[in-house]
Amino acid sequence: MSGTTALACHGYFEELSRVSTSNPASMASRRSPSQTAGVESGVRGWGENIFSRMDTAGTPSLFTKKGLQAAMMDWAMRDEHFKTQLFRFVDVLPSLTSAGEVSRHLKEYLGDEQVNLSAGLRTALKAATGASWLFGAGVKAQVTAMARQFMLGDDSKEIVATLRRLHDEDIAFTVDVLGETVVSETEADNYAARYLDLLSLLAGETSKWPQPCKSNVSSRGTIPQLNLSVKISALYSQIHPADPETAIEKTSSRLRPILRKAKELGAFINFDMESYALKDLTLHLFKTIFSEPEFASEPACGLAMQAYLKDSEADLKGVISWARLQRHHVTVRLVKGAYWDYETVIAQQKEWPIPVFGLKAETDANFEKLSVILLENADAVEAAFGTHNVRSIAHVLAQADRLGVNHRDFEFQMLYGMAEPIKSALLQLGCRLREYCPVGELLPGMAYLVRRLLENTSNEGFLANTFAKGASREQLLRDPNAMVAEQEPRHRTSPATNPMFRNEPPIDFTISAEREKILAAIRELRQQIGRKHPLVINNKYISTRDWLPSTNPANQNEIVGYAAQASIAEAEAALAAARAAQPDWARTPAGERSAILEKVASLMRRDKAALCALEILESGKNWTEADADVAEAIDFCNFYAAEMRKLGKPQRTQQVPGESNLQHWLPRGIGVIIAPWNFPLAILTGMSAAAIAAGNAVLIKPSDQTPVIASRLMDLFIEAGLPAGVANFVTGPGSTVGAHLVAHPKVDFVAFTGSKEVGLKIWETAGRTPPGQVGLKKMICEMGGKNSAIVDSDADLDEAVSGCIASAFGYQGHKCSELSRLIVLADNYDKFMERFIAAAASMRIGPAEMPGNVIGPVISREAQQRILKTIAIGRTEAKLAWQGQIPENPNACYVPPTIFTDVPPASRLFREEIFGPILSVTKAKDFDEALALANDSEFALTGGCYSRSPVNIERAKAELVCGNLYINRGITGAIVERQPFGGFKMSGGGTKAGGREYLQNFLLPRVITENCLRRGFAAAEE
Ligand SMILES: Cc1cc2nc3c(=O)[nH]c(=O)nc-3n(C[C@H](O)[C@H](O)[C@H](O)COP(=O)(O)OP(=O)(O)OC[C@H]3O[C@@H](n4cnc5c(N)ncnc54)[C@H](O)[C@@H]3O)c2cc1C
C-alpha cells in the first residue's frame, strides 16, 4: 500500500474526466467483485494501520476527563433519559444568571425522580465538585470547561494562539463563527461585520507565519492558509422558502464585501451546509455568486455537502459539472451531516418525504460512494473529507490507491476538540488535516456544544463505539454496504397514528416547480376575475338583482368577483330545498356520504394552486398562509369523512348476555353555516363538511369579504356529486338573510365562527323557540380570543422571538388564535425586547402575492379604519414601542404592525380583541404574576409559554386557562386531528374543530336496546 503515491496523473485524470462527466458514480457501481474485494482489503489495511497508531496516541480528551465530566458523559451513554435531561440542562445553563437559578434548574433536570442516577454517579458527582454541585456553584465552570474543548472562545488573543499552535502541529484550520439564530437584519449585519473582522484578525496572524503548514500544501501547490467557513442563514434573517430570489439578493449583498476582502487577503471561503430547507438555496447562491465576473476565479472557495441526504449524489454531480464548466476549481467538503434528527422530525411533522437516509450504514455507504466520485473528478473539484470515522477515512485512502490519486491531493477535516488520536494517526501517515474551529461566545455556542455532545455519545456514532463502548475493530471496519443489505430499511415513510387519515402536507416552496404553479395560478386567475358568483339552490345557479363586489385588499380597484345577494325569499327557497333533500341524504349510507367528501378533498388537491391564488388575491393571505388554509380544508373533508365512517356503524355500549345495546347517531336535520373570512376556505369547509358527513343538509352563508373562495367550495361540492339540496349557497347580508335563517323555526342547528359580538347575538337568537319549532336549536359556536404567551426568564430567545413574531403578525393578526398579549419575565425583558423589535422591523410588508412578504394588507377598508382607531387609543394607554413602515398605496388596506409596551392590565389594549397586527407587551416580575396576567381575560382560546424550566412548564400546563396551549412554539397553526382547535369562556362553546368529538355536535345519539332472549335462549352472536 503506497501511502503517498506521487503520481504523474495528469493524463489519467483527463481521461477519467471524460468518463466521469457522463456518469461518474456508475464507475463505482460497475466495479467487479475482485475490485471490491481489493478495495475492502485495502480498507482493512488502512484501518488497522490507523487504529494501531491511535493506540499509541491515547483516548480523546472528552472520554478521558476525570471527575464530574467523565461521570456525566459515561452515564449519558448508558441512560437515554439522563442524557436528554443533562443536555437540556447544558442548553439552558448559559442563560442562567445566578447561582440560585443554576441550582434550581439542576435540581429540576437532574433531581427528577425519573432520572436514574446510580449511587455511583451521585458519589462521582459529589466527589467531583463537593456537595456544592447540588447548589449550582461550580457546575457552570464545569460546563464552560466542556464547551472550551470544542470552541476557541471569543478572545482574539486566545483564537490566534490556538490557530498558531495548530499551525505549528502542521494542522490547517477553518474558522466558523458561532452565533444565535439570526432573527433580524441588525443581527445579519452584525454577523457579516464579524466575518470581516475575523478575516482581518486572521490575516494579521497568518501573515506572520513564515511558511504554510504541511496540511496547506498539496502536490498541486499551496492552499490559502486563511480559511473561513460561512453560514448562509447568518446573512439574511428573512429567508423565505417561497422567495429564494430575494434571499439570494440579500445574502449576496452581504457576502460580496466578505468575498472582496477574502480576495484581497488571498483567503479561502467555504459555505457550510445547514438544514435541508436551505440546501438548494445554498447551492444556488454558491453557483451564482462565484459565477459573477468579480469572483469567477478568486477567492478560492468551497462548500460542504451532506452524504446523509438522498439527493446528495445528484447535487454533487451538479456542483462538479458547474465547476468544470466554470473552470472554477472548488473544494467540496464531504460530510455525513449534522442535523439528522432534526431533518427526520421536521419531515415527519410536515408529512414530507424524509430527505435523509434512515440507516446509519446507508449514510456511511453513500459517503463512500461520493468519496469515489470526488476522487474520480479531481480535475474539477478538490476533495476534503470531513469525518472522524476510521472506516470512512480508510475507504478514502484505499480508493485513492485504487485510482492512483496522491494522498496529498485531498485533505481530511475534523472538528476542533474531537477525535485527537485519529488526527494524530493521520498526521503520522502524512495526510493533510484541517480542523474546523468555532469561535464565539459561550451562550450562542451552546447549540453547537449540544450537537457535539450528542455526536460523541450517539449510540450509532463511530466515536462512542470506538472510545466508550469498545466495539471490535472488525465491527468498526465493516463494509457499510454489507450492513445495509442485512438491515430492514427505516423511515421510508413517516409513522401513521391513524390508519384512516393523514394530514395534507404543506407545499414545499423550496421546490421551484411548486412556486411556479402558484405564480401561474395567479396569472390565470387574473384572466378570469371579476365574474359574478350566483347563489346555489338545489344545485342550480341562481342570479340575483343585487351583486356585492369582493375586492383585493392589496388593491381595492381590483374586483375579484361579485357575490349574489340573496333576499329572504331566496333564503326560504334554499331552506325548502334543504328540507326536501335531507331525508334521502340521511338515509344514504355513511360510507357513501364520506366518499363524496373525500372526492371534494381530492378536487381541492387538484386545484390547490388555483385555490391558493384566490386566497392570496381575495383574502390577502401570503403564500404560506394560503396553502395552510387549503391544506386544512382538505384535512377537514378527509378527517370528518373518516370519523363518520366510524360513527356510521352502531357501537355496542356494553356486552351483556341476552340483550343487545347499540348506540346509533342520527343527523340533526337542517343547519345554517355562518363562516368568517379569516380562514375563508378551511373554516367554511370544516363546518359544512362535518354537517354534511353527518347526514344533515345545510345553507352555507359565507362572509361578505370572501364569497368568491366560498363559491369555489360550492362548485366543488357539486362536481364531487353532492345531491341537489344537500348544500345550498346563500351569499347575502348577515343582518337580514343570516338573521332570518338563524331565527327560523325550521332550522335545527347553527354552526358559527366569528366575532364575540355576532356570536353572542346568534347564540341568544338560537336559544329562542319560535312557534313551529319542534326541537331545541343546537349552536356550535367558536368566537375570538385575547391570547397570551409567556416568555420565561430562561426561555430560548431564538425560538421565542421567531415564534412570537409569527404568532402575533402572521396573516396580519387576523387569526382568532393570534398572539395579542406578550408577557415577558423581567429578567429576560430587555434582552428579549431588543431582539424582538429588531426582528419585527425586519419583516417584509407588501402585497401578499409577492412571495417573500410576511405581512400583507388587512382584509378591508373598514378593518383598516377600525384597527387604526385602536392604535390611536393604544397610544393614550401605553407606550408605542415600535411601528412598521407600510407601502404607500392609497388603494390598499395596510395597517402598520405595531408593538405597545407597558400595557396596563386594565387598558382596552390589554383586554379587547383587536384582530389585527397589534401586540401588547407587559413585563411580569415573576412566573406567578405572568400566569395571573395571562389568565386575566374573558377569553380562553390559545396560550403559550416559552420556558426551559421543567417546573414552570408543568405549571403552565396546569394553570394557563385556554383551549389550546402551546409550549415552546408559536401559538397559531393548529393542525386537524393533531391539535383539535377551540376554546371556552367567551371564546366559544367548548367544541373542538378538527377533533374526534366534533362530528357529534352535528348528530343526535340514539340507543337501541333489544331483548334477544326468546323463551329462554339467546342467539349465539348476541
Ligand atoms: C470539518 C467538518 C466540517 C463539518 N461541516 C458540516 C457542515 O457544513 N454541515 C453539516 O451538516 N455537518 C458538518 N459537519 C458535521 C458532520 O456532519 C458530523 O460531524 C459528521 O456527520 C459525523 O460523521 P462521522 O463520519 O465523523 O461519524 P459517524 O459516527 O460515522 O457518523 C455519524 C453520522 O451518521 C449519520 N447518521 C447517524 N444516524 C443515522 C441514521 N440512523 N441514519 C442515517 N444516517 C445517520 C449522521 O450524519 C451522523 O452525523 C462537519 C464535520 C466536520 C468534521
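This write-up is about the structure you can find in this document. Note that this is a predicted model, so its numbers are computed, not measured. (Residues numbered from 1 in each chain as written. Predicted model: local features only at pLDDT ≥ 70, side-chain atom pairs only at ≥ 80, totals over all residues. Heavy atoms only, no water.)

1. Focus: the environment of N1001
- By the element assignment, N1001 lies in the loop between β31 (984–985) and β32 (1003–1011).
- We classify N1001 as buried; its relative accessible area is 11%.
- It is 9.3 Å that separates the C-alpha atoms of N1001 and F749, two residues lying 252 residues apart in sequence. (Helix = DSSP H or I, 4+ residues; strand = E, 2+ residues; numbered from the N terminus. Buried < 20%, exposed > 50% of the residue type's maximum accessible area, 1.4 Å probe, protein only.)

2. What to know about the site of the ligand
- The full set close to the ligand counts 31 residues, and G337, T363, T387, E455 and F462 are the nearest of them.
- W340 is positioned such that a nitrogen or oxygen atom in its side chain is 3.2 Å from a nitrogen atom of the ligand.
- Taking H388, its main chain carries an N or O atom lying 2.7 Å from an oxygen atom of the ligand.
- Compared with its free state, where it exposes 930 Å², the ligand has 94% of that area covered by protein.
- Contributing elements (two or more residues each) for the shell around the ligand: β6 (300–306), β7 (330–335), α16 (360–376) and β9 (410–415).
- The residue inventory of the shell around the ligand, partitioned by class, reads 13 nonpolar, 10 polar and eight charged. (Near = heavy atom within 4 Å. Polar contact = N/O pair within 3.5 Å; in protein donor to acceptor, adjacent residues only side chain to side chain. Areas by Shrake-Rupley, 256 points an atom, 1.4 Å probe, with all protein chains shown as cover. Nonpolar A, V, L, I, M, F, W, Y, C, P; charged D, E, K, R; others polar.)

3. Let's talk about the nonpolar core
- In this structure, L163, F271, F385, F410, F412 and I422 are the most contacted members of the largest nonpolar core, which totals 130 residues.
- Non-local contacts of F271, meaning those with residues more than four positions away in its chain, are made with V230, I232, L255, T282, L285, F286, I289, F290, G302, L303 and A304.
- Counting residues in each nonpolar core, the second largest holds 77 residues, with V560, C612, I634 and I780 among its members. (Core = buried A, V, L, I, M, F, W, Y, C linked by side-chain atoms within 4.5 Å. Contact = heavy atoms within 4.5 Å.)

4. Quick notes on the sheet that holds strand β14 (residues 547–552)
- Strand order in this open sheet of three strands is β11-β15-β14, and the pairing throughout is mixed. Strand pairing shows two members of the sheet lacking a second neighbour, β11 (531–533) and β14, which therefore form its edges. Within the sheet, the average angular offset between the axes of one strand and its neighbour, ignoring direction, is 40°.
- Pairing geometry for β11 and strand β15 (residues 555–564), over three bridges, is parallel. From the neighbouring strand, K532 faces β15, where its bridge partner is Y562. (Pairing = 2+ DSSP bridges. Axes fitted to C-alpha atoms, helices over the stretch in contact; angles between N-to-C directions.)

5. A short note on the pairing of strand β17 (residues 659–667)
- With two bridges joining them, strand β16 (residues 651–652) and β17 adopt antiparallel strand pairing. Across the sheet, the residue bridging to Q651 is Q663, located in β17.
- Taking the residues that link successive antiparallel strands as the turn, the β16-β17 hairpin has six residues, and the phi of G658 there is positive, at about 80°.

6. Concerning the state of the cysteines
- Scanning all chains against the criterion turns up zero disulfides.
- Of all cysteine sulfurs, the one in C437 lies closest to C213, which takes part in no disulfide; the gap is 11 Å.
- By relative accessible area, C213 is classed as buried at 3%. (Disulfide = S-S within 2.5 Å.)

7. Things to note about unusual backbone geometry
- In this chain, E298 is followed by P299 through a cis amide linkage whose omega measures 0°.
- Here P299 is to be found in the loop between α13 (279–289) and β6.
- We note that F915 has phi near 65°; this positive angle belongs to a residue other than glycine.
- Along the chain, the position of F915 falls in the loop between α35 (908–911) and β27 (918–924).
- Assessed through its relative accessible area of 17%, F915 is described here as buried.
- For K985, which is not glycine, the phi dihedral falls at a positive 50°.
- When you line up the elements, K985 lands in strand β31.

8. Section: helix α7 (residues 99–110)
- With 12 residues, α7 ought to run about 16 Å at 1.5 Å a step, and its terminal C-alpha atoms sit 16 Å apart, in line with that.
- Restricting attention to buried positions, one finds in α7 the residues E101, V102, S103, H105, L106, E108, Y109 and L110. (Expected span 1.5 Å × (residues − 1).)

9. Side note on the pattern of salt bridges
- Taken as a whole and judged by the stated rule, the model has 62 salt bridges.
- Its salt-bridge partner being E294, residue R260 comes within 2.6 Å of it at the nearest N-O pair. Placement of the pair is R260 in helix α12 (residues 244–265) and E294 in the loop between α13 and β6, with a sequence separation of 34 residues.
- Residue class for R260 comes out partly exposed when judged on its relative accessible area of 40%.
- Of the residues examined, E294 reaches a relative accessible area of 31% and is grouped as partly exposed.
- Across the pair K336 and D364 runs a salt bridge whose closest N-O atoms are separated by 3.0 Å. You can see K336 sitting in the loop between β7 and α15 (340–350) and its partner D364 sitting in helix α16, a full 28 residues away along the chain. Taken individually, K336 and D364 each receive the classification buried, so the pair is uniform in this respect.
- Salt bridges here are not isolated pairs; linked through shared partners, they connect R606, D607, R712, D715 and E719. (Salt bridge = Lys/Arg side-chain N within 4 Å of Asp/Glu carboxyl O.)

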